[in-house]
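Examination of the molecular architecture
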Amino acid sequence: MAPIPISMSNGVPAVFLDRDGVLIEDTGYPHLESQLRMMPGAGEAVGRLNRLGYLCVIVTNQSGVARGLFTEQQMHAFNQVIVRRLALAGGRIGAVYACPYHSEGRIEAYLHPDHPDRKPNPGMLLRAAADHDIDMARSFMIGDQPSDMEAARRAGVPGFRFEGGNLDDFVRDLLGH
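Residues numbered from 1 in each chain as written. Predicted model: local features only at pLDDT ≥ 70, side-chain atom pairs only at ≥ 80, totals over all residues. Heavy atoms only, no water.

**A word on the packing of aromatic side chains**
Each pair of aromatic rings is reported with the distance of its centres and the angle of its planes. Enumeration according to the criterion identifies four aromatic pairs in this entry. Where Tyr101 meets Tyr110, the ring centres are 5.7 Å apart and the plane angle is 50 degrees; that geometry is what we call tilted. Tyr101 sits in the partly exposed class, given a relative accessible area of 24%. Judged by relative accessible area, Tyr110 falls into the buried class, the value being 16%. The interplanar angle of 70 degrees and the centroid separation of 5.2 Å between the aromatic rings of Phe162 and Phe170 together place this pair among those described as edge-to-face. Through pairs of rings, three or more aromatic residues link up here, namely Tyr54, Phe140 and Phe160. (Phe/Tyr/Trp six-rings, centres within 6.5 Å; stacked < 30°, edge-to-face > 60°. Buried < 20%, exposed > 50% of the residue type's maximum accessible area, 1.4 Å probe, protein only.)

Structure below.
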């Protein structure tokens, strides 16, 4: 990455990480600890990013809530299990943003035609930036779907597509260390 000009804001640089397909294997609406399969190198990748000074923020669409497959409480509990598992491997997550809304949901409270937080919309990234004084000029996103790349673009940060394998190898190759 290019050197950061001194005139930049004093905010913290961040890496926005998609959940399913990046940090954990996408097993189809996982929400129970027994369904959790960490992506190889996920904890090590988050640890590497932490050591390089990045705040790591999970930004994840979770339409399973709107679809009635699991509750919002189950979603939050599962996300906390992921955060704990990453921590056991040396990675610290600074915040988790999850969007339970979907246009085809069955649960009325989560039915929304185009929620601003649902990727490809940038709402979760922009909220995280405001909540944590993130310097978007020094931040980027890692995702596995076109909607992740579009959310990054709309938020004004580079997006990098992870297509599987070892996440720590991907991060090391991306950053050059």
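**So, the sheet that holds strand β1 (residues 14–17)**
Across the sheet, five strands lie side by side as β3-β2-β1-β4-β5; this open sheet has parallel pairing. Of all strands in the sheet, those with a lone pairing partner are β3 (95–99) and β5 (159–161), marking the two edges. Looking at each pair of strands side by side, their axes are set apart by 20 degrees on average, direction ignored. Here strand β2 (residues 55–61) runs beside β3; their pairing, made up of five bridges, is parallel. From the neighbouring strand, Asn61 faces β3, where its bridge partner is Cys99. Here helix α3 (residues 123–132) sits on the sheet and contacts β1, β2, β3 and β4 (140–143); the angle it forms with β3, its principal contact strand, is near 150 degrees. (Pairing = 2+ DSSP bridges. Helix = DSSP H or I, 4+ residues; strand = E, 2+ residues; numbered from the N terminus. Axes fitted to C-alpha atoms, helices over the stretch in contact; angles between N-to-C directions. Contact = heavy atoms within 4.5 Å.)

**Some details on helix α2 (residues 72–88)**
Taking 1.5 Å per residue as the helical rise, α2 with its 17 residues ought to reach 24 Å, and the 25 Å between its terminal C-alpha atoms agrees with that figure. The set of residues buried in α2 consists of Met75, Phe78, Asn79, Val81, Ile82, Val83 and Leu86. Against the buried residues of α2 lie α1 (42–51) and β3. Note on α2: the residue one or two positions beyond its end, Gly90, has a positive phi of about 95 degrees. (Expected span 1.5 Å × (residues − 1).)

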